[in-house]
Amino acid sequence: MRHLRTLLILALAPLVPTIAQEESPGGDDNTVALQGDPSPDPTAYPRPMMMRPGWTSLDGQWDFAITKAGDPVPTAWQGKLKVPAAIESAESGAERIPAPGQQLWYHRRFDRPAIEAGEIAVLHFGAVSSLATVWLNGTPVTAHRGADAAFSTDITAFLTEEVEQELVVAVTHPEIADRARPRRTGITQTVWLEVLPQTYIRELRLSPNSKLGEITVFASIWGQANFRPLEIVALDGETECARGSAYYHYENGGYETTMKIPEPKLWTPGSPKLYGMRIRLANEDGTTYDSITSYFALCDPSIVEDPSGQPRFALNGEPLLLLGVSSASFDLPRDDVGIQSQIASAKAMGFNCIRIRAGLASPRYYHWADRLGLLIWQDLPAPHAAEPRPLSVDAPAHPKLSKHSLDELAAIESQYGKHPSIVVWPRFLHRPGGKDTRPLTAARAGSGDRADILFLDGHPRAAMPSPDGDTSSALAVAGIRHVSGEGGQAQYESSNRELQRLLRAGLSAA
């Protein structure tokens, strides 16, 4: 938000479209209605790409306390804070910074859900940073280590017959490797409760092919397959346009099918066409066992060579300049109205992209970026970034990332990577050799272990166009920071002129 406000104050809109190279937003695709998709509402379903009609939000005011690490569950609470929000933030209402060796406790009560035979109660956490232990009615239920990945747990066996149930969460946060990033402790994403069948659809992966007009759908389940078929219907508006079915494959651990979309319409920032999708897990007699609604887009980010042989970022095979603003995840709005307003403001100024730093935004932010046509460059979520050492450009992974960190990044990509708006995803992060300190990042639809985008994190007058002699990666630069105050307009104009030159030299993103 700070970056957007700065640009608005400086009235820079006339400068931006000269280098945006993107069609203006428009068309009826911007307001596509999806079955089950809620109207703008801060309490809207927290996982928009796997929607179910029945759920209970546990967001809001929780009791909290800070104690020494290892202390038992408190018997008294020190105040209230808002969930979701890091306790260090003003948004939480507490603005406390737990000291090393301290533990943060959350406490609230909720009503016992109605559970029929063959059903279970599942508690979902969008993210907790970073070591979490969960108690229900005085009994430990689960523990989780991570900062940005979602996790869920079956709490059925821990429910009492009482109407009121007691939930406690303990959180500790070890020192992060990257001290330049602000610390975020606590429950940072939505908490919610669902009643589900004992076997339910747990994960969804989408692999679009815009060239062939196809979508491959992979779904995994929690529970027993029992030869239940999975049925998938693709919708263009309210009209069924494709149908697929699959049975469980034990070799790949789930269901998979590919559907051909007739007369396919591609997703772009100027025409963000979304297709609806209904997914049903059927009983052997054809009745519904579990079902979700989702959506997809035919959108492929890649790297292509322009006529001069320079690698360029491309969307659906067409070169496209990523021109965006940068924001830390915790500065982004969470409610639907705020998200829509910010995305509309960015696009109105000629930007087609936002770079999200220091963690992940709310899942609903990515949802509205999908619907409104804002591309997303997602940085490596904190606190995984560690101090790198020189590597070759072909190195497949960061040497100091632990197996746990890599596993969590894989889980995050599985949970968020299906959003068509996310076109740059950090498969790994390191710096080329020598004295250079520029990080390297990979595009989502890239070339495996090799980097697709060389990212020069500095002023746009950095050396161009082929750092370290690399000629196979597209180039990006982040170069305009904190443009404000006296001389800010002149600085922006100067940087804009430099970006014009870098475009001719092969720049793909700014």
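Here the structure is a predicted model, which means the values were calculated and not measured.

The helix and strand inventory of the protein chain stands at six helices and 29 strands. Burial statistics for the protein chain: of 510 residues in total, 54% are counted as buried. If you sum the accessible surface of the protein chain, you get close to 21600 Å²; carbon and sulfur atoms cover 51% of it.

Let us look at the environment of valine 195. Assignment of secondary structure puts valine 195 in strand β11 (residues 191-197). Judged by its relative accessible area of 29%, valine 195 is partly exposed. Separated by 72 residues in the primary sequence, valine 195 and leucine 123 have C-alpha atoms spaced 9.0 Å apart. Aside from chain neighbours lying at most four places away, what touches valine 195 is Pro113, Ala114, Ile115, Glu119 and Ile120.

Before going further, it helps to spend a moment on the pairing of strand β20 (residues 311-315). With five of five residues buried, β20 is to be regarded as a mostly interior element. On β20, burial covers both faces: Pro311, Phe313 and Leu315 on one face and Arg312 and Ala314 on the other are all buried. Direction of pairing for strand β19 (residues 301-305) relative to β20: antiparallel, over a ladder of five bridges. If you follow isoleucine 303 over to β20, its bridge partner there is phenylalanine 313. Adjacent in sequence and paired antiparallel, β19 and β20 are bridged by five residues, among which glycine 309 carries a positive phi angle near 90°.

Time to look at the layout of surface pockets. As a volume, the second largest pocket reaches approximately 800 Å³. If you trace the second largest pocket, you find 33 residues lining it, with Arg47, Ala150, Ser152, Arg202 and Gln415 closest to the centre. In terms of residue count, strand β12 (residues 200-209) provides more of the lining of the second largest pocket than any other element does, five residues in total. Residues belonging to the lining of the second largest pocket are distributed by class as follows: 17 nonpolar, nine polar and seven charged.

Between side chains of opposite charge, a pair can form when the charged atoms approach closely. One pass over the full model with this rule turns up 18 salt bridges. Put simply, arginine 109 and glutamate 164 hold a salt bridge, and the shortest N to O gap is 3.9 Å. One end of the pair, arginine 109, is in strand β4 (residues 102-111); the other, glutamate 164, is in strand β9 (residues 164-172), and 55 residues separate them in sequence. When its relative accessible area of 41% is taken as the criterion, arginine 109 is described as partly exposed. Residue classification places glutamate 164 among the partly exposed residues on the basis of a relative accessible area of 46%. Note that aspartate 306 is salt-bridged to arginine 312, the shortest N-O span being 2.9 Å.

In this model, the protein chain carries a mean pLDDT of 79, and residues with pLDDT of at least 70 account for 75%. Across the protein chain, strand β5 (residues 119-125) holds the top mean pLDDT of 97, while helix α1 (residues 2-10) sits lowest at 36. Note that residues 383-399 has pLDDT below 50 and, in this model, 45 contacts with residues that lie over four places away or in other chains. Low pLDDT, under 50, characterises residues 428-450; the stretch is placed with 93 contacts to residues that sit more than four places away or in other chains.

Now for the environment of arginine 108. Position of arginine 108 relative to the elements: it lies in strand β4. In the structure, arginine 108 is positioned 48 residues away from glycine 60 in sequence and 9.6 Å away in space, judged by C-alpha atoms. Those residues in contact with arginine 108 that lie beyond four places of it in its chain are Leu58, Asp59, Trp62, Gln165, Glu166 and Leu167. Among the polar contacts listed, one links the side chain of arginine 108 to the backbone oxygen of leucine 58, at a separation of 3.0 Å.

With that settled, consider unusual backbone geometry. Residues valine 83 and proline 84 are joined by a peptide bond in cis, for which omega reads 5°. With an omega of 0°, the peptide bond running from serine 129 to serine 130 counts as cis. By secondary structure assignment, the location of serine 130 is in strand β6 (residues 128-136). Even without being glycine, glutamate 95 reaches a positive phi, approximately 50°. Following the sequence through the fold, glutamate 95 ends up in the loop between β3 (79-83) and β4. With relative accessibility at 54%, the residue glutamate 95 sits in the exposed group. Positive phi, close to 45°, is recorded for glutamate 263, a residue that is not glycine. In this fold, glutamate 263 is placed in the loop between β16 (255-260) and β17 (275-282).

Quick look at the sheet that holds strand β21 (residues 318-319) now. For sheets, the rule is that strands pair by backbone hydrogen bonds, running either parallel or antiparallel. In space, the three strands of this open sheet follow the order β19-β20-β21, with antiparallel pairing throughout. Each of the sheet's edge strands pairs with one partner strand only, and the pair in question is β19 and β21.

Reading the values: the criteria
- Residues numbered from 1 in each chain as written.
- Predicted model: local features only at pLDDT ≥ 70, side-chain atom pairs only at ≥ 80, totals over all residues.
- Heavy atoms only, no water.
- Helix = DSSP H or I, 4+ residues; strand = E, 2+ residues; numbered from the N terminus.
- Buried < 20%, exposed > 50% of the residue type's maximum accessible area, 1.4 Å probe, protein only.
- Areas by Shrake-Rupley, 256 points an atom, 1.4 Å probe, with all protein chains shown as cover.
- Contact = heavy atoms within 4.5 Å.
- Pairing = 2+ DSSP bridges.
- 1 Å grid on protein atoms, 1.4 Å probe; cavity = no way out; pocket = protein on both sides within 12 Å on 5 of 7 lines; lining within 4 Å.
- Points joined across faces, edges and corners; volume = space filled by probe spheres on them.
- Nonpolar A, V, L, I, M, F, W, Y, C, P; charged D, E, K, R; others polar.
- Salt bridge = Lys/Arg side-chain N within 4 Å of Asp/Glu carboxyl O.
- pLDDT = per-residue confidence, 0-100.
- Polar contact = N/O pair within 3.5 Å; in protein donor to acceptor, adjacent residues only side chain to side chain.

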